[in-house]
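An overview of the molecular structure
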Amino acid sequence: MGVLEGKVVLVTGGGNGIGKETALLAAKEGAKVVVNDLGGGLSGGDEGDAGPAEKVAAEIRAAGGEAVSNSDSVTDMKAVEGMVEQAKDTFGALDAIINPAGILRDTMFHKMSESDWDAVIDVHLRGSFNVTRAAVELFREQEKGAFVLFTSTSGLIGNIGQANYAAAKMGIVGLSRIVAMEGARKNVRSNVIAPFAWTRMIASIPVKDEAGAQRVERMKNGMRADQVAQLAVALCADKAKDVTGQIFGVRGNEVVLFDQPRPVKSVARLEGWNPETLLDQCMPAMQADFTDLGATASVFPYDPI
């Protein structure tokens, strides 16, 4: 028996990359799967194609599993509610949602258009709201349910040219934390994963020098989407019932647990602060503990999903 035996799982973005590998693995581990994928391009905004989701669902069925496909957009609440109903109508239940669906519209912030900002926020942050909100009441009523959402080190650490993506991904971290806190008494869990994996989004990044080419080759060979899928599936299992509200990373065969923002230092002044004393006393006292803009940039490579 697999770790998801008897469960029903909705996987968004399931036609390619991490979503595809997650859907296939969930089925292998015993789950009945609703495979959702709009079938659109990397930047979104197109009509999409039902083919990628159905191809993955068909692959699951051919291997002896149970799966149906869905090609609606996570940006449409009514459509997401339809995905939840599809799972219930087809398989009689819904136990978990794994939501790696995403797009990229990278550009420097001073050149970013409103449409590029809105499109990325809509798919990533609004999409994460939609999938959690559409299922949370069901999960609370049945007193069980798991959400696996996706963040990025572009938000957690930073990445030039991705202000829209980073803002959305940090918003997802906050959303997941509150869903986990509010759902704890009802056994509703939520965690986030920052993935490091070779996907079509990574493949779209221009390589500008030999060092970049070497880094891309290392990622292609050593950091695969199926490795990220292992954790995404595990977090939906009953054995993970005590794992909630966490931020994980997956880099090859390494699983990373991230800390979460907490105070690192405080400075008080009995007389109170004014702009001059803040500049002369407070900022210098804290400066040694500032987070450097570039010190962490080389720790984790660029990792959009």
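Our structure's up above, just so we're on the same page.
Please read all numbers here as calculations on a predicted model, not as lab measurements.

Regarding the pattern of salt bridges
Going through the model one piece at a time under the given rule, you end up with twelve salt bridges. The salt bridge partner of arginine 133 is glutamate 137, with a shortest N-O separation of 2.9 Å. Note that arginine 133 and glutamate 137 are positioned in helix H4 (residues 114-142) at a spacing of four residues, about one turn of the helix. Taking the relative accessible area as the measure of exposure, glutamate 137 reaches 46% and is therefore partly exposed. In this structure, aspartate 242 and lysine 241 form a salt bridge, with 3.4 Å as the shortest nitrogen-oxygen distance. A single burial state applies to aspartate 242 and to lysine 241, both of which are exposed.

Topic: the pairing of strand S2 (residues 32-36)
The buried fraction of S2 is high, at four of five residues. When strand S1 (residues 8-11) meets S2, the two strands line up parallel, connected through four bridges. Following the sheet pairing, valine 11 is matched in S2 by valine 35. The handedness of the S1 to S2 crossover, carried by helix H1 (residues 17-28), is right-handed. Summarising the sheet, S2 and strand S3 (residues 67-70) pair through four bridges and their orientation is parallel. Following the sheet pairing, valine 35 is matched in S3 by serine 69.

About the thresholds
Residues numbered from 1 in each chain as written. Predicted model: local features only at pLDDT ≥ 70, side-chain atom pairs only at ≥ 80, totals over all residues. Heavy atoms only, no water. Salt bridge = Lys/Arg side-chain N within 4 Å of Asp/Glu carboxyl O. Helix = DSSP H or I, 4+ residues; strand = E, 2+ residues; numbered from the N terminus. Buried < 20%, exposed > 50% of the residue type's maximum accessible area, 1.4 Å probe, protein only. Pairing = 2+ DSSP bridges. Right-handed = clockwise from strand over helix to strand, strands pointing away.

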